[in-house]
Amino acid sequence: MPMKRIIVCFFILSAPLWALAQKGLHVERVFDGGLIPRNRIEETMVRGAALKEYKLELYRGMKMEVDSVERQHIETLVMNDGKGMMDREDGAEYEMQNGHLTYCILSLPAIRHKRYLCYQCYKSRPDAFTVTLVYLEGKATLRDLRKTFRKK
């Protein structure tokens, strides 16, 4: 079998594993496209050697423009995933403004690797917000991520 076919087969077979990464999280609905239509989401997924210098093995990011109702829904899902972690210094870093979550890095319970959920939200237009949601897996610590991902 030519090498090209082997590589294609590997990616086809491993694609479902990328989707499983967020299983069990409240934000899974966002990553699955069940909350915001896919045509309104810019998605980036990186796995493997490209992330080695960051001590990560998986980066899955989504950026989307949402209205205030959608923003509130996503914020609630993130806050639910962060329950118990937001009170711990080693569990989260976050910022609230006017009663809304604007930024956070949450440490999630490890499965195979350390896992993190990152969220950022800012007003992009008078009636819209830009939300960035990122799921990370790897050996990086919360301290490593603070250095790597500076908030906007």
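Residues numbered from 1 in each chain as written. Predicted model: local features only at pLDDT ≥ 70, side-chain atom pairs only at ≥ 80, totals over all residues. Heavy atoms only, no water.

What to know about the overall build of the chain
Selection criterion: Where helices and strands are cited, they refer to DSSP runs of H or I of at least four residues and of E of at least two residues respectively, numbered from the N terminus. Only protein chains enter the accessibility calculation, which uses a 1.4 Å probe; a residue is then buried when its area is under 20% of its type maximum, exposed when over 50%, and partly exposed in between. Contacts: residue pairs with any heavy atoms within 4.5 Å of one another. All accessibility values rest on the Shrake-Rupley procedure with a 1.4 Å probe; residue burial counts only the protein chains present in the view.
A tally of helices and strands in the chain yields 4 helices and 6 strands. Ordered by position from N to C terminus, the α and β elements of the chain give α-α-β-β-α-β-β-β-β-α. When each of the 152 residues of the chain is scored for burial, the buried share is 41%. Sequence-distant contacts, at least 24 apart, represent 56% of the contacts inside the chain between residues at least 6 apart. As presented, the chain carries roughly 9100 Å² of accessible surface, and 56% of it is formed by carbon and sulfur atoms.

Observations concerning the confidence of the model for the chain
The cut-off we apply is this: Per-residue confidence from the predictor is reported as pLDDT, a score between 0 and 100.
Looking at the chain, pLDDT values average 84 and 81% of them are 70 or higher. Under a pLDDT of 50 for its full length, residues 3-20 has, in the predicted model, 7 contacts with residues more than four places off or in other chains.

Digging into helix H3 (residues 68-81)
The test is simple: A helix is expected to span 1.5 Å multiplied by its residue count minus one. Here the arc refers to the directions that run from the helix axis out to each C-beta atom. Two N or O atoms form a polar contact when they lie within 3.5 Å of each other; inside protein one atom must be a possible hydrogen donor and the other a possible acceptor, and for residues adjacent in sequence the pair counts only when both atoms belong to side chains.
In this model H3 runs 20 Å from its N-terminal to its C-terminal C-alpha over 14 residues, within 8% of the 20 Å that 1.5 Å per residue would give. Turning to H3, its buried residues number three or more, namely Glu70, Arg71, Ile74, Glu75, Leu77, Val78 and Asp81. Here the buried residues of H3 occupy an arc of 160° about the axis, which is enough to place them on one side. Where the residues of H3 are buried, they touch helix H2 (28-31), strand S2 (56-66), strand S4 (100-108), strand S5 (114-125) and strand S6 (128-138). Between the side-chain oxygen at the start of H3 and the backbone nitrogen of Val69 there is a gap of 3.1 Å, and the oxygen is on Asp67.

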